[in-house]
Amino acid sequence: MIEEAEWDRAVAVLRSAGEVVVGCHVDPDGDALGSLLGLAGALRRGGTRVWATWGAEDPKAPPIYGFLEGLETVVPPAEVPERPDVFVAVDCGDPSRLGTLAGHFAAAATTVNLDHHRSNPGFGTVNLVDPGAASSAELVYQLVRRMGATPDPAEATALYTGIVTDTGRFQYSSTSPTTLRVAADLREIGVDHERVATEIFESGSLAYLHVVGVVLSRARVEDGLVWSWLDTADLDAAGLSIDEAEGLIDAIRPVKESRFALLLKQRAEGGGYKGSLRSRGEVDVAQIAQALGGGGHRRAAGFTFDGAPDEAARAVLKLADG
Ligand code: 5GP
Ligand code: MN
């Protein structure tokens with residue numbers, strides 16, 4: 001729950017700000033992008049000068065999110081003021097998730113931290129942090145409404161995208177009556193939910209299908225952990241780019257014999273693997289990811305690992321035992 005006074009402070013800060021930087025986390029997912037575009041768009045329509053960005057030299061969203069209107073307004077960090085009046089971080093569990101923008105955030109006169117990670121330490125001047133919210137996009141919607149505005153159809157589509165992806169299409173336990181009410185409001189504004197579902201969940205290429213096949217063929221279950229991995233060579237062989245290799249964890253996650261799932265994707269830059277963790281409820285994967293230098297939620301978390309996939313699986317299993 002976010003206190004009324006904290007909402008009021010956020011509204012006052014954003015109403016009086018002439019210039020606002022909105023930044024989401026590096027390697028943005030649907031919720032990070034949806035929250036970013038939804039908030040940036042609404043602020044801009046209200047007359048604020050806005051920079052929407054994330055910490056990548058050349059911020060490019062994964063192709064499945066390419067249908068979102070507003071992506072063309074995203075600017076690289078090099079174009080963002082180094083000491084902005086206001087910086088709003090969306091969907092970032094900690095400031096390091098801003099990557100190269102962490103310095104801009106630290107140098108901002110006022111900061112707003114809008115997020116739903118339980119591990120969020122409240123690193124902003126104003127903290128709109130609610131671990132009970134299924135997505136950051138749900139919180140952005142409430143913020144926009146509290147500012148006296150209503151998302152336009154493009155912003156509503158971005159916010160709906162954040163909600164539908166972070167709830168696993170309204171499946172996860174985090175889906176609350178509020179989540180569904182917000183989704184209903186967004187539908188009323190004119191979100192084409194069928195198009196969003198098709199773009200995100202039903203637009204995989206044949207090459208993607210082949211990569212899913214590689215991941216599935218390697219899957220194994222050990223002590224309740226279903227795990228698999230993907231190397232950059234596998235992507236090259238299938239002719240798929242790394243930014244198209246999204247959602248693979250969902251292919252292995254539903255196996256009946258498992259309590260939790262781990263997918264390791266070899267990183268194109270920086271070496272090592274990117275680990276994605278998902279739990280069916282009993283295992284707290286946020287704790288495991290945090291122990292490995294990452295973070296996330298009880299049921300969905302991630303980390304980076306310098307080492308081979310089987311070493312990562314060993315490390316995860318050891319932490320799950322302990
Ligand atoms: P995914 O597996 O989809 O990449 O990430 C699942 C969740 O874990 C996301 O909500 C994200 O916020 C969090 N997460 C993923 N990778 C990292 C990481 O390297 N560091 C932190 N702090 N959180 C992460
Ligand atoms: Mn999120």
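Residues numbered from 1 in each chain as written. Chains lettered and ligands numbered in written order. Predicted model: local features only at pLDDT ≥ 70, side-chain atom pairs only at ≥ 80, totals over all residues. Heavy atoms only, no water.

Enquirer: Can you walk me through the coordination of the manganese ion (ligand 2) in this structure?
Expert: Working reference: metal with six octahedral donors, ideal angles 90 or 180 degrees; metal with four tetrahedral donors, ideal angle 109.5 degrees. For the manganese ion (ligand 2), the full set of protein donor atoms is Asp-31 (OD), Asp-91 (OD), His-116 (NE2) and Asp-166 (OD), and the range of their distances to it is 2.2 to 2.4 Å. Binding-site remark: the manganese ion (ligand 2) is held by donors from one chain whose sequence spacing is D-x59-D-x24-H-x49-D. With a gap of 135 residues between them, Asp-31 in helix H2 (residues 30-45) and Asp-166 in helix H5 (residues 153-166) connect regions that are remote in the sequence. There is no split in this pair, since Asp-31 and Asp-166 are both buried. (Donors = N, O, S within 2.8 Å, 3.2 Å for Na, K, Ca; no water. Helix = DSSP H or I, 4+ residues; strand = E, 2+ residues; numbered from the N terminus. Buried < 20%, exposed > 50% of the residue type's maximum accessible area, 1.4 Å probe, protein only.)

Enquirer: What is the right way to read the side chain of Thr-165 from this model?
Expert: Considering the arrangement of structural elements, one finds Thr-165 in helix H5. Not counting the four nearest positions on each side in its chain, Thr-165 is found in contact with Gly-30, Asp-31, Tyr-65, Ile-200 and Phe-201. (Contact = heavy atoms within 4.5 Å.)

Enquirer: Honestly, the site of ligand 1 in this entry has me stumped. Any pointers?
Expert: As a matter of local geometry, ligand 1 sits amid 14 residues, with His-117, Lys-274, Ser-276, Arg-278 and Ala-301 nearest to it. Here an oxygen atom of ligand 1 and a side-chain polar atom of His-117 are 2.8 Å apart. In this structure, Gly-295 approaches ligand 1 through a main-chain N or O atom, which is 3.2 Å from a nitrogen atom. Starting from 500 Å² of accessible surface for ligand 1 in isolation, the protein chains cover 82%. (Near = heavy atom within 4 Å. Polar contact = N/O pair within 3.5 Å; in protein donor to acceptor, adjacent residues only side chain to side chain. Areas by Shrake-Rupley, 256 points an atom, 1.4 Å probe, with all protein chains shown as cover.)

Enquirer: It is not clear to me how the pairing of strand S11 (residues 300-305) should be interpreted in this structure. Could you clarify?
Expert: In summary, the side chains of a regular strand alternate between the two faces of the sheet. Inspection of the sheet shows strand S9 (residues 273-279) paired to S11 by six bridges, in the antiparallel sense. Paired with Arg-278 across the strands is Ala-300, a residue of S11. Sheet topology places strand S10 (residues 295-296) next to S11; two bridges connect them, and they run antiparallel. Among the inter-strand pairings, Gly-295 is bridged to a residue of S11, identified as Gly-302. In this antiparallel pair of consecutive strands, S10 and S11, the connection spans three residues. (Pairing = 2+ DSSP bridges.)

Enquirer: Whenever I open this one, the packing of helix H1 (residues 4-16) against helix H4 (residues 136-146) confuses me. Can you help?
Expert: Two numbers describe a pair of packed helices, the interaxial angle and the distance between the axes. The N-to-C vectors of H1 and H4 enclose an angle of 70°; their axes lie 10 Å apart at closest approach. As the angle between them shows, H1 and H4 are arranged roughly perpendicular. Considering only the axes of H1 and H4, their crossing is right-handed. In contact with Glu-4, Trp-7, Ala-10, Val-11, Leu-14 and Arg-15 of H1, H4 contributes Leu-139, Gln-142, Leu-143 and Arg-146. (Axes fitted to C-alpha atoms, helices over the stretch in contact; angles between N-to-C directions. Parallel < 35°, antiparallel > 145°, perpendicular 65-115°, else oblique. Left-handed = near helix turned anticlockwise from the far one by under 90°.)

Enquirer: Looking at this structure, how should I read the sheet that holds strand S7 (residues 225-230)?
Expert: Sheets are built from strands that pair by backbone hydrogen bonding, the pairs being arranged parallel or antiparallel. Strand order in this open sheet of six strands is S6-S7-S8-S9-S11-S10, and the pairing throughout is mixed. Single-partner strands in this sheet number two, and they are strand S6 (220-222) and S10. Against the sheet, helix H8 (residues 206-218) touches S6, S7 and strand S8 (260-266), its axis set at about 135° to S7. Against the sheet, helix H12 (residues 309-321) engages S6, S7, S8, S9 and S11, with an angle of about 150° to S8.

Enquirer: For this particular structure, what's the right way to read H5?
Expert: Three- or four-residue spacings in an α-helix give side chains the same orientation, since the helix completes a turn every 3.6 residues. With 14 residues, H5 extends 20 Å between its outermost C-alpha atoms, agreeing within 8% with the 20 Å of an ideal straight helix rising 1.5 Å per residue. Burial within H5 is extensive, with 12 of its 14 residues counted as buried. Residues of H5 that are buried: Glu-155, Ala-156, Thr-157, Ala-158, Leu-159, Tyr-160, Thr-161, Gly-162, Ile-163, Val-164, Thr-165 and Asp-166. Here the buried face of H5 lies against H2, H4, helix H6 (177-189) and helix H7 (193-201). One or two positions beyond H5, positive phi appears at Gly-168, with a value near 60°. (Expected span 1.5 Å × (residues − 1).)

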